[in-house]
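Observations on the model geometry
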Amino acid sequence: MTIQQQISEYINSQPGSKRSDMQELHHLILELMPDSKLWFLDGKNDEGKTVSNPNIGYGIHTIQYTDGKTKEFYQIGMSANTTGISVYIMGIDDKTYLARTFGAEIGKASVTGYCIKFKALKDINIEVLKTAILYAYNQKP
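Let me begin by describing the structure that accompanies this report. (Residues numbered from 1 in each chain as written. Predicted model: local features only at pLDDT ≥ 70, side-chain atom pairs only at ≥ 80, totals over all residues. Heavy atoms only, no water.)

**Concerning the pairing of strand S2 (residues 55-58)**
Keep this limit in mind: Buried, partly exposed and exposed residues are distinguished by accessible area as a fraction of the type maximum, computed with a 1.4 Å probe on protein chains only: under 20%, between the cut-offs, and over 50%, respectively. Helix and strand assignments come from DSSP, with helices taken as H or I runs of at least 4 residues and strands as E runs of at least 2, each series counted from the N terminus. Between any two strands, at least two bridges found by DSSP are needed for them to pair.
Burial of S2 is two-sided: the residues Asn55 and Gly57 facing one way and the residues Ile56 and Tyr58 facing the other way are all buried. In this sheet, S2 lies alongside strand S1 (residues 38-41) in antiparallel orientation, the contact comprising four bridges. Note on S2: the bridge partner recorded for Phe40 is Ile56. Sheet topology note: the S2/strand S5 (residues 76-80) ladder contains three bridges and is antiparallel. Counterpart to Ile56 in the pairing with S5 is Met78.

**Quick notes on the pairing of strand S8 (residues 115-118)**
Pairing of strand S6 (residues 85-89) with S8 involves four bridges; the strand directions are antiparallel. Residue pairing in the sheet places Tyr88 in a bridge with Cys115 of S8. In this structure, the hairpin formed by strand S7 (residues 109-111) and S8 is closed by a connection of three residues.

**Quick word on the sheet that holds S6**
Either a parallel or an antiparallel arrangement is found when strands of a sheet pair, and the pairing is made through backbone hydrogen bonds. Using the following cut-off: Each axis is a line fitted through C-alpha atoms, and for a helix only the stretch in contact is used; angles between axes span 0 to 180 degrees, taken between their N-to-C directions. The criterion used for residue contact is that any of the two residues' heavy atoms lie within 4.5 Å.
Spatially, six strands are ordered S1-S2-S5-S6-S8-S7 in an open sheet, and the strand pairing comes out antiparallel. Only two strands of the sheet have a single partner each, and these edge strands are S1 and S7. Shown here is a sheet whose adjacent strand axes are inclined to one another by a mean of 15°, direction ignored. When S7 meets S8, the two strands line up antiparallel, connected through three bridges. Across the sheet, the residue bridging to Ala109 is Phe118, located in S8. Helix H1 (residues 3-12) rests against S1, S2 and S5 of the sheet, and its axis sits at about 55° to S1.

**Notes on the nonpolar core**
Filter applied, for reference: Each nonpolar core is a collection of buried residues, namely Ala, Val, Leu, Ile, Met, Phe, Trp, Tyr and Cys, held together in the definition by side-chain atoms within 4.5 Å.
With 35 residues, the main nonpolar core has Leu25, Ile76, Ile89, Phe118, Leu129 and Ile133 as its most contacted residues. Top contributing element to this core by residue count: helix H4 (residues 126-137), with six residues. When sequence neighbours within four positions are dropped, the list of residues in contact with Ile133 reads Leu28, Ile29, Leu32, Met33, Ile76 and Ile89. Counting five residues, the second-largest nonpolar core is a separate cluster that includes Phe73, Tyr74, Tyr88 and Cys115.

These figures capture arrangement, not role.
So this is what it looks like as structure tokens:
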């Protein structure tokens with residue numbers, strides 16, 4: 001199964017309005033990041049045990065470890081959670097930046113160091129979310 005097929009299957013497995021919101025958000029991110037690498041992580045570790053929610057990733061962020069090793073991961077991620085949708089914004093060194101810059105204007109969302117979590121797209125200001133995504137995307141090396 002291709003990554004696109006896995007993403008489609010994952011989004012289509014979501015209930016009603018969450019499915020349509022995730023589909024809309026997926027298309028929005030693809031428009032903002034048209035040449036980005038697509039990822040699909042099923043949330044399972046090497047032993048097949050579920051360790052996180054499945055998530056869709058966009059772009060490439062290189063993680064530098066203290067021992068000098070590096071690992072590629074996505075820049076922007078999206079995942080369904082029990083109450084709604086999480087958007088992950090990776091690669092911002094200042095862990096207060098998202099909340100400080102976008103928290104007051106984004107609407108009904110919880111904003112942490114790398115995650116914007118909301119119940120539905122109608123609850124947030126899409127333009128503010130787009131600005132946050134583009135900020136991270138433009139941080140690429």
